[in-house]
Amino acid sequence: FGFSGADDYYRSVSVASKLTSLSVPALYVGAPADPMIPIESVIGAADSPHLEVHWARDAGHLGFRSDFDLGMDAPRGLEEQVLGWLGRP
């Protein structure tokens, strides 16, 4: 597929370098121990004024506690809290 190796592939297809170009508000909810998306790949790219980053300590890739809270006025849990974030004025 034209890549010199795994590192070249991941560097080429990663959205990380595009995060600073966001023009609309966006939310990233990640876990420092995520086995699929290393924290280092997000921290360096999270300097966009339109990107709000939240770290869930007790989570993993797509695995969040049922009482997850972003501080939104919505029921706890990832899905409900994200919907609360989306519904903010």
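Counting of residues starts from 1 at the beginning of each chain's written sequence and follows it residue by residue. Two thresholds apply to this predicted model, a pLDDT of at least 70 for residue-level local features and 80 or more for giving and counting side-chain atom pairs, whereas whole-chain, interface and lining totals are computed over all residues. The basis for every side-chain value is the complete set of heavy atoms in the structure, and neither hydrogens nor water enter the calculation.

Visitor: So what exactly am I meant to see when it comes to the pairing of strand β1 (residues 26-30) here?
Guide: Along a regular strand, successive side chains alternate from one face of the sheet to the other. Burial within β1 is extensive, with four of its five residues counted as buried. Two strands qualify as a pair provided that DSSP identifies no fewer than 2 bridges between them. Strands here are runs of E lasting at least two residues and helices are runs of H or I lasting at least four, both read from the DSSP assignment and numbered beginning at the N terminus. Relative to strand β2 (residues 51-55), β1 is paired through five bridges, and the arrangement is parallel. The partner of Leu27 across the bridge, within β2, is Glu52. Throughout, exposure labels follow a simple rule: accessible area from a 1.4 Å probe, protein chains only, divided by the maximum for the residue type, with under 20% read as buried, over 50% as exposed, and the rest as partly exposed.

Visitor: Before we go on, may I ask you to explain the packing of aromatic side chains in this structure?
Guide: Geometry of an aromatic ring pair is reported as the spacing of the ring centres plus the angle between the planes. By convention, a stacked pair of Phe, Tyr or Trp rings (six-membered ring in the case of Trp) has centres within 6.5 Å and planes under 30 degrees apart, an edge-to-face pair has planes over 60 apart, and any other such pair is tilted. Counting across every chain of the model gives four aromatic pairs. Ring plane angle 70° and centroid distance 5.2 Å describe the contact between Tyr9 and Tyr10, whose orientation is recorded as edge-to-face. For Tyr10, a relative accessible area of 55% corresponds to the exposed category. Members of the aromatic cluster, joined through ring pairs, are Phe3, Tyr9 and Tyr10.

Visitor: Is there a simple way to think about unusual backbone geometry in this case?
Guide: Peptide bonds are, in most cases, trans, and in most cases residues other than glycine have a negative phi. Look at Leu62: it is not a glycine, yet its phi comes out positive at around 65°. For Leu62, the position within the fold is in the loop between β3 (59-60) and β4 (63-64).

Visitor: So what exactly am I meant to see when it comes to the layout of surface pockets here?
Guide: As a volume, the largest pocket reaches approximately 410 Å³. Among the secondary structure elements, those contributing two or more residues to the lining of the largest pocket are α1 (6-13), β1 and α2 (39-43). Gly counts as polar in this scheme, as do all residues outside two lists: the nonpolar Ala, Val, Leu, Ile, Met, Phe, Trp, Tyr, Cys and Pro, and the charged Asp, Glu, Lys and Arg. Each residue belonging to the lining of the largest pocket can be placed in one class, and the counts come to twelve nonpolar, two polar and no charged. In the cavity and pocket records, a cavity denotes points on a 1 Å grid over the protein atoms alone where a 1.4 Å probe fits but cannot get out, a pocket denotes an open set with protein on both sides within 12 Å along at least 5 of 7 lines, and lining residues are residues with an atom within 4 Å of a point. Grid points are joined across faces, edges and corners, and a volume is the space filled by probe spheres set on the points. Reported here for the second largest pocket is a volume of approximately 170 Å³. It is β1 that contributes the most residues to the lining of the second largest pocket, three residues altogether.

Visitor: Just to check I follow, could you spell out the pattern of salt bridges for this structure?
Guide: Where side chains of opposite charge bring their charged atoms close, a pairing between them can arise. For this analysis, a salt bridge means a side-chain nitrogen from Lys or Arg found within 4 Å of a carboxyl oxygen belonging to Asp or Glu. Counted according to the given criterion, the structure contains four salt bridges. Among the ionic pairs, Arg88 bridges to Glu52, the shortest N-O distance being 3.3 Å. Of this pair, Arg88 sits in the segment after α3 (78-86) while Glu52 sits in strand β2, placing them 36 residues apart in sequence. Judged by relative accessible area, Arg88 falls into the partly exposed class, the value being 38%. One network of salt bridges, in which partners are shared, links Asp58, Arg65 and Asp67.

Visitor: Before we go on, may I ask you to explain the side chain of Gln81 in this structure?
Guide: Positionally, Gln81 belongs in helix α3. Residues adjacent in sequence count toward polar contacts only when both atoms are side-chain atoms; beyond that, a polar contact is any pair of N or O atoms within 3.5 Å, and within protein one must be able to donate a hydrogen and the other to accept it. Side-chain polar atoms of Gln81 contact the backbone oxygen of Pro75, separated by 3.0 Å. Note on contacts: a residue pair qualifies if any of its non-hydrogen atoms lie within 4.5 Å across the two residues. Those residues in contact with Gln81 that lie beyond four places of it in its chain are Phe68, Asp69, Leu70, Gly71, Met72, Ala74, Pro75 and Arg76.

So, to be careful, I would describe these as geometric facts and stop short of saying anything about function.
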